[in-house]
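Coordinates in review
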Amino acid sequence: MFVFINMVIEVEAKVSISKLDDLRAKLRKITRFIGREKKADDYYTLQNLAGYPTKSLRVRARKNYHEVNFKQPLSYSNGVWAKNEVEFKIHDLNGFFELLNEFGFRKWLRKEKQTELYKSGNVGIEINKVKGLGWFMEVEYLCNKKNIAKARKKVVDVLKKLNINKKDIEKSGYTKMLWKKMH
């Protein structure tokens, strides 16, 4: 069996949402609605669970398979992260968990979110209700390393079109916010 591994650069900004209906009205003007989905993610790490792990991987259930994902931060500028992202499908979940267990990985966090998906050209936009955290918007562009500056500009342009205030941009990821809430 062949496993396709997707390696891209994720260029993304995350925004805390206070006026959800206003944001949806603005999105209807500049995007097209794609659909809704629920995402349940389990995170695993090799590190001591006493502190926040600097490295972890995510396992997400999809309809007919599971997806493994891990990210490595590359840069943060102007409210926008660039991260190296690796993602692949797992069809033998029991075997994968045996491997994780054998190498010493431990589950450390679960994240659940309800997502509304939108698209504006090559820019993906999500409105997420994250269990335990509230409402957020993610603006994301996937690219290769040589196009990070272009991708960052596209993300910033969408934020400007939506009149997003810089103070509402979240620098932390959901896992860090959830971990802080638990500790």
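What about the overall build of the protein?
In terms of helices and strands, the protein carries four helices and nine strands. Walking the protein from its N terminus toward its C terminus, one meets helices and strands in the order β-α-β-β-β-β-α-β-β-β-α-β-α. Radius of gyration (C-alpha) of the protein: 17 Å, near the 16 Å computed for a compact globule of 183 residues. Seen through its principal axes, the protein has C-alpha atoms that stretch 50 × 40 × 30 Å. A burial count over the protein gives 40% of its 183 residues as buried. Restricting the contact set of the protein to residue pairs at least 6 apart, pairs at least 24 apart contribute 66%. As presented, the protein carries roughly 11,100 Å² of accessible surface, and 50% of it is formed by carbon and sulfur atoms. Across the protein, the centroid of the 40 positively charged side chains sits 6 Å from that of the 21 negatively charged ones.

So, a nonpolar patch on the surface
Where nonpolar side chains cluster on the molecular surface, the patch consists of Leu46, Leu99 and Phe103 and spans about 320 Å² of accessible area. Here Leu46 is to be found in the loop between β2 (32–45) and β3 (57–61).

Focus on the packing of aromatic side chains
Scanning the entire structure with this criterion turns up eight aromatic pairs. Ring centres of Phe96 and Phe97 lie 6.2 Å apart, and the angle between their planes is 55°; on these two criteria the pair is classed as tilted. Taking relative accessible area as the criterion, Phe96 reaches 11% and is therefore assigned buried. According to the relative accessible area criterion, Phe97 is partly exposed, its value standing at 26%. Counting every residue linked through ring pairs, the aromatic cluster contains Tyr43, Tyr52, Trp108 and Trp179. Directly above the aromatic system of Trp81 lies the positively charged group of Lys83, at a separation of 5.4 Å from the ring centroid.

A look at the pattern of salt bridges
Taken as a whole and judged by the stated rule, the model has 22 salt bridges. Of the charged contacts, one joins Asp41 and Lys111 as a salt bridge, the two residues approaching to 3.2 Å between their closest N and O atoms. On the criterion of sequence distance, the pair formed by Asp41 in strand β2 and Lys111 in strand β6 (residues 106–120) is long-range, its members being 70 residues apart. Lys113 serves as the salt-bridge partner of Glu138, at 3.4 Å between the closest nitrogen and oxygen. Of the two residues, Glu138 sits in strand β8 (residues 134–143) while Lys113 sits in strand β6, which places them 25 residues apart along the sequence. This pair shows no difference in class: Glu138 is buried, exactly as Lys113 is. It is possible to trace a salt-bridge network through shared partners that takes in Glu37, Lys39, Asp41, Arg58, Arg60, Arg62, Glu67, Glu87, Lys111, Lys113, Glu126 and Glu138.

What counts, and at which threshold
For every chain, the first residue of the written sequence is number 1, and numbering continues from 1 onward in sequence order. Since the coordinates come from a predicted model, pLDDT governs what is reported: local features require at least 70, and pairs of side-chain atoms require 80 or more to be given and counted, while whole-chain, interface and lining totals use all residues. As a rule here, side-chain values come from all non-hydrogen atoms in the structure, and water together with hydrogens is ignored. Put simply, DSSP marks the helices as runs of H or I at least four residues long and the strands as runs of E at least two long, and each gets a number from the N terminus on. For the radius of gyration, the atom set is restricted to C-alpha positions; the globular benchmark scales as 2.2 Å times the number of residues to the power 0.38. Burial here depends on accessible area, computed with a 1.4 Å probe over protein chains only, as a share of the maximum for the residue type. Under 20% is buried, over 50% is exposed, and the range in between is partly exposed. Contact criterion: two residues are considered in contact whenever any of their non-hydrogen atoms come within 4.5 Å of each other. Methods summary: accessible areas were calculated by the Shrake-Rupley approach with a probe of 1.4 Å, and residue burial reflects only the protein chains presented. Counted as positive: Lys and Arg. Counted as negative: Asp and Glu. His and the chain ends are not counted at all. Working definition for charges: the position is that of NZ of Lys, CZ of Arg, CG of Asp or CD of Glu. Patches in this entry comprise residues that are over 30% relatively accessible and not in a salt bridge; like charges within 9 Å are linked, as are nonpolar side chains (Val, Leu, Ile, Met, Phe, Trp, Tyr) within 5 Å. Salt bridge, as applied in this entry: a Lys or Arg side-chain nitrogen positioned within 4 Å of an Asp or Glu carboxyl oxygen. Ring pairs are drawn from Phe, Tyr and Trp, using the six-membered ring of Trp, whenever the two centres fall within 6.5 Å, and their geometry is named by plane angle: stacked under 30 degrees, edge-to-face over 60, tilted for the rest. To sit over a ring, a charge needs its Lys NZ or Arg CZ within 6 Å of the ring centre and within 35 degrees of the ring normal.

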